[in-house]
Amino acid sequence: NIYTNLDVARPKSVQAVLTAMGEGSKLFIAKQKNSFEEDPQPADIHRVGVLCRIKKVVKLGENNLRVYLEADERGVIQYIESAEGFFKVAIELAPDEEVSDQTECEAYMSVAKARLGECIPQNKKMSPELKDSLLGIEDYEEFVNVAAFNLSFNESEKQKILEERNTVRRLE
């Protein structure tokens, strides 16, 4: 699983985190279509996101939180409503499709790892430990998820990878 942290400042987001903490510590994270929109509406939110488990919350100042998360599963919003000052969603879990051709997946995985090995030395932000960790991953889905999370793709590319359920197309 992937672990990360988010700094949360918007009142809607702070309320969502605090409510989730009281209801089992599950939080669905979905990216805004326009990150500069200060008051996003349901139509401004991507439908595919990640169901996370809140591991820890640290208060930063009066109205800000740092939220430590563990990503569990990809999900698709079925409906979204404004409630209690934040958005509540119903989601359907969206695992990757079953791999039908192991050989094809292995080939794409080999190519992806070779390209990764070529581009990592140029990426000053990536540690040698992360490179070794990525190159050591054997599970196709885990490799794509960890690579997409850690590599310097633009946000729209990361969203496309998240939305794609076919493992071969995710590896391409």
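Provided above is the structure to which this section pertains.
What you see is a predicted model; the values in this text were computed from it and never measured.

A. Broad picture of the environment of alanine 71. Within the fold, alanine 71 resides in strand β4 (residues 64-83). Counting along the chain gives 19 residues from alanine 71 to cysteine 52, while the straight-line C-alpha distance between them is 4.4 Å.

B. Molecular detail of the pattern of salt bridges. Summed over the entire model, instances satisfying the criterion amount to twelve salt bridges. The salt bridge partner of aspartate 7 is arginine 66, with a shortest N-O separation of 2.6 Å. Taken together, the residues span a long stretch of sequence, with aspartate 7 in strand β1 (residues 3-8) and arginine 66 in strand β4 at a distance of 59 residues. A salt bridge links aspartate 72 to arginine 53; the shortest N-O distance between them is 3.1 Å. Of this pair, aspartate 72 sits in strand β4 while arginine 53 sits in strand β3 (residues 48-60), and the two are 19 residues apart along the sequence. Overall, the relative accessible area of 32% leaves arginine 53 in the partly exposed class. One connected set of salt bridges, linked through shared partners, spans Lys26, Arg53, Lys55, Glu70 and Asp72.

Scoring rules and cut-offs
- Positions within a chain are numbered from 1, following the residues in the order the chain's sequence is written.
- Local features in this predicted model are restricted to residues whose pLDDT is 70 or higher, and side-chain atom pairs enter the listing and the counts only when it is 80 or higher, whereas totals over whole chains, interfaces and linings include all residues.
- The basis for the side-chain values is all heavy atoms of the structure; hydrogens and waters are excluded.
- Secondary structure counts use DSSP, requiring at least four H or I residues in a row for a helix and at least two E residues in a row for a strand, with both numbered from the N terminus.
- By salt bridge we mean one thing: a side-chain nitrogen of Lys or Arg within 4 Å of a carboxyl oxygen of Asp or Glu.
- Each residue is assigned to one of three classes by its accessible area relative to the maximum for its type, calculated with a 1.4 Å probe on protein chains only: buried under 20%, partly exposed between the two thresholds, exposed over 50%.

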